[in-house]
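Examination of the molecular architecture
The lines below spell out each chain.
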Amino acid sequence: IGALSLYGEKVLTKSQDTDKEGHALYTANVEVAPRIARIEIANFTCNFAETEADREYKAFTINHVALNNYYTKATLSTTDAQTLVGTEINSGSVEPFFEGLEDGWNNDKFVAPLQLTWDGNKQAVNADGKVLAYNFFPGAKPQIVVKMTGTKNEENAQPAPTFLATLNLKDGNTPIAEFVAGTIYKIDFVFNESDPDQTEKCIDVTVTPVNWSVVTVTPEF
């Protein structure tokens, strides 16, 4: 994730004390907090249809996860964001999108892909309990894109490439319209096994927002 810059502002208060040369001292209690927000994905869950007749897929393999639609720069003192990077994800653009990604902070490619099956593990936890974490500057609506293969619930069916992309990140039933710096958005990435057959394969995902720990420091001048 790299180094995390913290920022805070507070008006200075003149102290009754002076330094050894008689100069006035000023103090301020400043709460410093991150200027970025974070998405964390701990696991992936597929809701398979309960009955054989209703089941469209019997297995999924998750290969690659990436953050889309984010700013690459921001001013620390004002949070003004610049340089938006984003791709309109659809059936024609998703493969070039993943092919164009370099190893880095904004995506994770699984050496051992995650397996979800209707008759086995319907939930897959990331390898070694790793949480996928993506820091981003508030101001854009981040999107999570998942590259995977799906095996239809048919005799002798072979895995075929497919994908999912978030349409909204929702706090409860409400889509988040404005993301807040200093907040971690925890995701259990849940989808229905019929979702990959939707036209643009976009889904809503529920998140749990929690506040980052805020640190109070007292500088003295």
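Presented here is an overview of the structure given in this document. (Residues numbered from 1 in each chain as written. Predicted model: local features only at pLDDT ≥ 70, side-chain atom pairs only at ≥ 80, totals over all residues. Heavy atoms only, no water.)

Below, the discussion takes up the nonpolar core. Ile41, Phe44, Val65 and Phe189 are the most contacted members of the largest nonpolar core, which has 33 residues in total. Those elements that place two or more of their residues in this core are strand S5 (37–47), strand S6 (57–68), strand S9 (107–117), strand S11 (132–136), strand S12 (143–152), strand S13 (160–171), strand S15 (183–192) and strand S16 (202–211). Ala66, Ile89, Val145 and Ala165 belong to the second-largest nonpolar core, a separate cluster that totals eight residues. (Core = buried A, V, L, I, M, F, W, Y, C linked by side-chain atoms within 4.5 Å. Buried < 20%, exposed > 50% of the residue type's maximum accessible area, 1.4 Å probe, protein only. Helix = DSSP H or I, 4+ residues; strand = E, 2+ residues; numbered from the N terminus.)

Okay, the pattern of salt bridges next. The full count for this structure, using the stated rule, is six salt bridges. The partner of lysine 147 in a salt bridge is glutamate 95, with the nearest N and O atoms 3.1 Å apart. Pair noted here: lysine 147 is in strand S12 and glutamate 95 is in helix H1 (residues 94–99), with a separation of 52 residues, a long-range link. Between aspartate 204 and lysine 170 there is a salt bridge whose closest N-O contact spans 4.0 Å. Of the two residues, aspartate 204 sits in strand S16 while lysine 170 sits in strand S13, which places them 34 residues apart along the sequence. (Salt bridge = Lys/Arg side-chain N within 4 Å of Asp/Glu carboxyl O.)

The next point concerns unusual backbone geometry. Leaving glycine aside, a negative phi is the common case for residues, and trans is the common case for peptide bonds. At threonine 83, a position not held by glycine, the phi torsion is positive, near 60°. For threonine 83, the location among the structural elements is in strand S8 (residues 81–85). Even without being a glycine, asparagine 156 presents a positive backbone phi close to 65°. Inspection of the secondary structure assignment puts asparagine 156 in the loop between S12 and S13.

This brings us to the pairing of S11. Counting buried residues in S11 gives five out of five residues, a clear majority hidden from the surface. The pairing of S5 with S11 spans five bridges and is classified as antiparallel. Residue pairing for S11: isoleucine 39 is matched across the bridge by tyrosine 134. (Pairing = 2+ DSSP bridges.)

With that settled, the discussion passes to the side chain of glutamine 143. Inspection of the secondary structure puts glutamine 143 in strand S12. Owing to a relative accessible area of 14%, glutamine 143 belongs among the buried residues under this scheme. Within polar-contact distance, the side chain of glutamine 143 engages the backbone oxygen of threonine 166 at 3.1 Å. Among residues more than four places away in sequence, those in contact with glutamine 143 are Ala66, Leu67, Asn68, Thr87, Ile89, Ala165 and Thr166. (Polar contact = N/O pair within 3.5 Å; in protein donor to acceptor, adjacent residues only side chain to side chain. Contact = heavy atoms within 4.5 Å.)

Moving on, we come to the environment of phenylalanine 48. Take phenylalanine 48: it is sitting in the loop between S5 and S6. Distance in space between the C-alpha atoms of phenylalanine 48 and lysine 122 is 7.7 Å, their sequence separation being 74 residues. Apart from the residues lying within four places of it in its own chain, the contact partners of phenylalanine 48 are Tyr57, Lys58, Ala59, Phe60, Leu116, Thr117, Trp118, Lys122 and Glu193.

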